[in-house]
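Descriptive analysis of the structure
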Amino acid sequence: MAFGQPRIEYKTNEQMRTMHEAGLVLSRALDAAVAAAVPGVTTKHLDDVFAAVLNEAGAKSNFLGYHGFPATICTSVNEEVVHGIPGSRVLEDGDIISIDGGAIVNGWHSDSARTVIVGTASPEDQRLSDVTRAAMWRGIAALATGTHVGDIGAAIDDYVSSVPGKPLGILEDYVGHGIGSEMHMAPDVLNYRTSHRGPKIKPGLCLAIEPMLVLGGIETAVLEDDWTVVTTDGKRSCQWEHSVAVHEKGIWVLSAPDGGAEHLVPLGVTPVPIP
């Protein structure tokens, strides 16, 4: 602790390369879970599919057992925002589900989430997912071009506010975080603009950037399982997340096989592999 603030862990290039290995396993596991998210399957099935990829790769789950969490992924459906527990719930046509997972390789973590619309997507839900995903990439781009962690939330907020049509809400109760030798570490990564600039962005900083947007109000509640977070108005929610590393040559998205190039280059940022 320094002046009452948690100490930030700055990683070496070797440690960040190991985190990228974890991110690649995680990306494959999420690919499998996303492909399995079809009408008629249970959320537990998605967890089994995800876990099988981790097991085959010899990676560990950083979700399973975390403060007692009973699964390898969070499956948050419709009005569920985050931390939904996989189980007997059967996915139906038109559901929107956020699949959030993590992986550990040699003690180093990666964390990522994707949203899937099951079967037929409504235009409203598709817009929600598209805007959330685009907001995440603008937050990641701000990590490359900004000077302080607060620039990430400002970029996300500015983008979401600029999108034409009905305004979307940015959740404030749940934010991104540092990641490295643990899944959740300092600093917090806000998804909205504040007067607090946050710590300086410098090499060795690794962050999980994860905007969560809603169709309605931003108030949330936790269900009786002590995990599942829902919107209090019952409106639908969406989450996208990537883990990203800053090194002396640039940034690299640890949980994307191409380091994020497909989505960052159009935003004027070229990700650079970790040296």
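Right, let's walk through the structure included here. This structure is a prediction, so every number in the text was calculated from the model and none was measured.

1. Considering the packing of aromatic side chains
- Going through the model one piece at a time under the given rule, you end up with one aromatic pair.
- Ring geometry for F69 versus W227: centroids 5.0 Å apart, planes at 80 degrees, classification edge-to-face. Of this pair, F69 sits in the loop between helix 2 (43–57) and strand 1 (73–77) while W227 sits in the loop between strand 10 (220–222) and strand 11 (229–231), placing them 158 residues apart in sequence.
- Given a relative accessible area of 3%, F69 falls into the buried group.
- Its end group placed over the ring of Y10, K202 keeps NZ or CZ at 4.6 Å from the ring centre.

2. Some remarks on a negative patch on the surface
- A cluster of acidic residues, E172, D173, E219 and D233, forms a negative patch at the surface.
- Here E172 is to be found in the loop between strand 5 (169–170) and strand 6 (176–178).

3. Remarks on the nonpolar core
- Membership of the largest hydrophobic core comes to 37 residues, with the highest contact counts inside it found for I140, L143, V160 and I209.
- For this core, the elements supplying multiple residues, two or more each, are helix 3 (123–145), helix 4 (150–162), strand 7 (185–189), strand 8 (206–209), strand 13 (242–247) and strand 14 (250–253).
- If one sorts the elements of this core by residue count, helix 3 sits on top with nine residues.
- Excluding anything up to four places from it in sequence, L143 contacts I152, I201, L205, L207, I209, V244, V246 and I251.
- Counting 24 residues, the second-largest nonpolar core is a separate cluster that includes V25, V49, L54 and V116.

The rules behind the values
Residues numbered from 1 in each chain as written. Predicted model: local features only at pLDDT ≥ 70, side-chain atom pairs only at ≥ 80, totals over all residues. Heavy atoms only, no water. Phe/Tyr/Trp six-rings, centres within 6.5 Å; stacked < 30°, edge-to-face > 60°. Helix = DSSP H or I, 4+ residues; strand = E, 2+ residues; numbered from the N terminus. Buried < 20%, exposed > 50% of the residue type's maximum accessible area, 1.4 Å probe, protein only. Lys NZ or Arg CZ within 6 Å of the ring centre and 35° of its normal. Patch = residues over 30% accessible without salt bridge, like charges linked within 9 Å, V, L, I, M, F, W, Y side chains within 5 Å. Areas by Shrake-Rupley, 256 points an atom, 1.4 Å probe, with all protein chains shown as cover. Salt bridge = Lys/Arg side-chain N within 4 Å of Asp/Glu carboxyl O. Lys, Arg positive; Asp, Glu negative; His and termini not counted. Charge placed at Lys NZ, Arg CZ, Asp CG, Glu CD. Core = buried A, V, L, I, M, F, W, Y, C linked by side-chain atoms within 4.5 Å. Contact = heavy atoms within 4.5 Å.

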